[in-house]
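These are the residues of each chain, in order.
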Amino acid sequence: MVLFSYLQRFDRYCYCLFSGLRAKDLPGQIALLTSRSGDGYGYLAIALMVWMLDDRGDEYFTSLIFAFSLELPFYWIMKNSFRRQRPCERNLSFAALIVASDKFSFPSGHTAAAVLFATVTYHYYPAAGLACFGWAMAIGASRVVVGVHYPSDIVAGVALAVLVSELTI
C-alpha cells in the first residue's frame with residue numbers, strides 16, 4: 001500500500017507538471033493534434049497503403065489485425081477492472097482539453113495502440129518503425145498534457161503493447 005500511495009503522489013505531481021504546458025497556447029495545441037493523431041484512423045490508412053503497395057503488405061496487414069484483435073480485449077479487461085478515474089475528474093486544477101472516449105484512464109489505450117503499431121511496423125520495416133516509436137511516445141506524452149491520463153497510465157499502455165507484440169510477432 002505504501003508503494004501504491006507513493007505512485008499516486010508521483011503521478012499527480014507529474015500530471016500537474018505536464019499539465020502546466022496547457023497554459024501555453026502552442027504546446028497545448030501541439031499536444032491536442034498529437035493526441036488526435038493516435039485516434040486510430042492513421043494506423044488503418046498506413047496499413048492499407050502498405051498492403052496495396054508492398055510485397056510484404058499482406059503479412060504486415062495480417063499481423064496488425066491479429067495484434068490489435070488481441071490488444072483490445074486485454075485493454076478493456078484492464079480498463080474495467082482497475083476503473084481508475086481520469087485525472088481531469090479528480091479536481092487537480094486542470095480541465096482536460098478533450099473529452100475522452102471512455103470513462104477510465106488505466107491503461108492508456110492510445111499509447112497501447114501506438115506502441116503496438118510501432119512494434120509491428122518495426123518488425124517488418126525497421127526504419128519506419130523507429131519513426132513510429134517516436135510518434136508513439138509523443139502520443140503517450142500528449143495524453144498527459146491534454147489532461148486525460150496519468151504518467152503511469154502511459155507506462156501501462158506501453159507494457160500492454162509490448163506484451164501483446166511478444167505474443168503476436
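Going by the structure above, here's the rest.
About the criteria used
Counting restarts for each chain, with residues numbered from 1 along the sequence as it is written. Local features in this predicted model are restricted to residues whose pLDDT is 70 or higher, and side-chain atom pairs enter the listing and the counts only when it is 80 or higher, whereas totals over whole chains, interfaces and linings include all residues. Heavy atoms throughout the structure, all of them, feed into the side-chain values; hydrogens and water do not. Strands are runs of DSSP state E lasting at least two residues, helices are runs of H or I lasting at least four, and both sets are numbered from the N terminus onward. Each residue is assigned to one of three classes by its accessible area relative to the maximum for its type, calculated with a 1.4 Å probe on protein chains only: buried under 20%, partly exposed between the two thresholds, exposed over 50%. Throughout, a contact is declared for two residues whenever any of their heavy atoms are within 4.5 Å. In these tables, accessible area is a Shrake-Rupley quantity obtained with a 1.4 Å probe, and a residue counts as shielded only by the protein chains included in the view. A helix is expected to span 1.5 Å multiplied by its residue count minus one. Pairing of aromatic side chains here covers Phe, Tyr and the six-membered ring of Trp, requires ring centres within 6.5 Å, and sorts the geometry by plane angle: under 30 degrees stacked, over 60 edge-to-face, intermediate tilted. Every patch collects residues that have over 30% relative accessible area and no salt bridge, joining them within 9 Å if they carry like charges and within 5 Å if they are nonpolar side chains (Val, Leu, Ile, Met, Phe, Trp, Tyr). The salt bridge definition used is simple: a Lys or Arg side-chain nitrogen within 4 Å of an Asp or Glu carboxyl oxygen.

**Focus: the overall build of the protein chain**
Regarding its fold elements, the protein chain presents seven helices and zero strands. The 169 residues of the protein chain split such that 43% are buried. Put simply, 76% of the contacts in the protein chain that link residues at least 6 apart link residues at least 24 apart. Total accessible area on the protein chain is roughly 9,300 Å²; 69% of this is exposed by carbon and sulfur atoms.

**With respect to helix 5 (residues 109-124)**
Between its first and last C-alpha, helix 5 extends 23 Å over 16 residues, near the 22 Å set by a 1.5 Å rise per residue. For helix 5, the tally of buried residues reaches 14 of 16 residues, placing the bulk of the element in the interior.

**Notes on unusual backbone geometry**
A cis amide bond links Phe-106 with the next residue in sequence, Pro-107, at an omega value of -5°. Position of Pro-107 among the secondary structure elements: in the loop between helix 4 (57-82) and helix 5.

**Brief notes about the packing of aromatic side chains**
Within this structure, the stated rule accounts for eleven aromatic pairs. The interplanar angle of 25° and the centroid separation of 6.2 Å between the aromatic rings of Tyr-43 and Phe-68 together place this pair among those described as stacked. Pair noted here: Tyr-43 is in helix 3 (residues 41-53) and Phe-68 is in helix 4, with a separation of 25 residues, a long-range link. Here the aromatic rings of Tyr-122 and Phe-133 are separated by 6.0 Å at their centres, their planes lie at 55°, and the arrangement is tilted. Taken as a pair, Tyr-122 in helix 5 and Phe-133 in helix 6 (residues 126-145) lie far apart in primary sequence, eleven residues in all.

**Looking at helix 4**
The end-to-end C-alpha separation of helix 4 is 37 Å, in line with the 38 Å expected for 26 residues at 1.5 Å each. What helix 4 keeps buried is the set Gly-57, Tyr-60, Phe-61, Ser-63, Leu-64, Ala-67, Glu-71, Tyr-75 and Lys-79. Against the buried residues of helix 4 lie helix 3, helix 5 and helix 7 (151-168). Arg-83 lies just past helix 4 and shows a positive phi near 50°.

**Regarding a nonpolar patch on the surface**
On the surface, Met-49, Trp-51, Met-52 and Leu-53 cluster together into a nonpolar patch covering about 500 Å² of accessible area. Checked against the element boundaries, Trp-51 lands in helix 3.

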